[in-house]
Amino acid sequence: MQQIINFVIRNKTFLLFLLLFVISLGLTIQSHSYHKSKFINSANFLTGGIYEGASGISNYFDLDDQNEILVEENNRLRSQIFNSNDSVAMETPFVDSLSYAGRYKIQTAKIINNNYASTKNYLTINKGERDSIKEDLGVITSKGIVGIIDNTSNGYARVLSILNTKSRINAQLKSSNHIGSLKWDGNSGSTTVQLTDISKFAPVKIGDTIITGGQSTIFPKGIHIGTIDLFDLDISGDTYTIQVKLFNDMTNLSHVYVIENLDSQEIKLLENPIDE
């Protein structure tokens, strides 16, 4: 302890300079959007590299399980190619990628960091701007949705998880066209999210499937989310709040798909004309 105190005394001038430099750097980054953006991108690059290294070690001990998942998915994709009938494909809780060919670009990515224990959860994937990944692209697995990309660097991207209280996703009952908003209350663990604003006249039943509603440019309609676990009327008595049990195990994710709507810019321009 005495040596530490002596070191501080001998180098007090340098340490004071270093402290003031860090404070001034932090104030500069916070007060200028350009510097803040550059700092976030640099931080993403650094933390992305660390996460990828740690993920590689972890995945080494999980190879058998991941190989089984990939074999299952390859078999499913072959089955869809040989039997490309939408009505049959949508009877299973998987993504029918053939239905979205042409309008949507789909590419694979790997999760290298996954947070699910707080109320503001994010994931990191090993694809970024150099792979044409950008903000507001949807992220899914073969079982259902994962989240939406909200920040990118050159080689990595951050995903706003559906297990984040800031997340809002358009969703509907598969058995009808009743639309609601999918969110997470932060208190339901990693297996359950909430679907709100569903009309009291909707045919809601426990066990029914919830899918994406397709009323945004992020997710196509029909991607599976989960099943109805519980439901009750809000205080107003006009709408349901539905507890949705997710198809995805959000604590055990590895390979994902990133979806880009190739028509998103055209749709946004049509809905929000520049001359208005």
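Residues numbered from 1 in each chain as written. Predicted model: local features only at pLDDT ≥ 70, side-chain atom pairs only at ≥ 80, totals over all residues. Heavy atoms only, no water.

Further remarks concern the sheet that holds strand S2 (residues 120–125). Spatially, six strands are ordered S1-S2-S5-S4-S3-S12 in a closed barrel, and the strand pairing comes out antiparallel. Sheet twist, expressed as the mean angle between neighbouring strand axes with direction ignored, is 45°. Of the pairings in the sheet, the one linking strand S1 (residues 104–114) to strand S12 (residues 255–261) comprises seven bridges and is antiparallel in character. Looking at S12, one finds that Gln-107 is bridged to Val-258. (Pairing = 2+ DSSP bridges. Helix = DSSP H or I, 4+ residues; strand = E, 2+ residues; numbered from the N terminus. Axes fitted to C-alpha atoms, helices over the stretch in contact; angles between N-to-C directions.)

Moving on: the nonpolar core. Proteins that are soluble and globular tend to have nonpolar side chains buried together. If you look at the biggest cluster of nonpolar residues, it comprises 42 residues, and the most contacted ones within it are Ile-125, Ile-145, Ile-149, Leu-182 and Ile-242. Residue contacts for Ile-242: discarding those within four places in its chain leaves Leu-173, Val-193, Gln-194, Leu-195, Ile-198, Val-204, Ile-228, Leu-230 and Phe-231. (Core = buried A, V, L, I, M, F, W, Y, C linked by side-chain atoms within 4.5 Å. Buried < 20%, exposed > 50% of the residue type's maximum accessible area, 1.4 Å probe, protein only. Contact = heavy atoms within 4.5 Å.)

Attention now moves to a nonpolar patch on the surface. Together, Phe-7, Phe-14, Leu-15, Phe-17, Leu-18, Phe-21 and Val-22 give the surface a local cluster of nonpolar side chains, amounting to about 680 Å² of exposed area. Here the element with the most residues in the nonpolar patch is helix H2 (residues 12–31); it accounts for six residues. Tracing the backbone through its elements, the reader meets Val-22 in helix H2. (Patch = residues over 30% accessible without salt bridge, like charges linked within 9 Å, V, L, I, M, F, W, Y side chains within 5 Å. Areas by Shrake-Rupley, 256 points an atom, 1.4 Å probe, with all protein chains shown as cover. Salt bridge = Lys/Arg side-chain N within 4 Å of Asp/Glu carboxyl O.)

Glancing now at unusual backbone geometry. Even without being glycine, Asp-136 reaches a positive phi, approximately 70°. As for its position among the elements, Asp-136 is in the loop between S2 and strand S3 (138–140). The phi angle at Asp-197 is positive, at roughly 65°, despite the residue not being glycine. Along the chain, Asp-197 falls in strand S8 (residues 192–199).

Attention shifts here to the sheet that holds strand S10 (residues 224–233). Strand order in this closed barrel of six strands is S6-S7-S8-S11-S10-S9, and the pairing throughout is antiparallel. Shown here is a sheet whose adjacent strand axes are inclined to one another by a mean of 40°, direction ignored. With three bridges connecting them, strand S6 (residues 169–173) and strand S9 (residues 209–212) associate as antiparallel partners. Counterpart to Gln-172 in the pairing with S9 is Ile-211.

Throughout the structure, instances matching the rule amount to two salt bridges. The residue Glu-260 makes a salt bridge to Lys-134 at a minimum N-O spacing of 3.2 Å. In this pair, Glu-260 is assigned in strand S12 and Lys-134 in the loop between S2 and S3, connecting sequence segments 126 residues apart. On the basis of relative accessible area, Glu-260 is assigned to the buried category, the value being 13%. Residue Asp-150 is joined to Arg-158 by a salt bridge in which the shortest nitrogen-to-oxygen separation is 2.8 Å.

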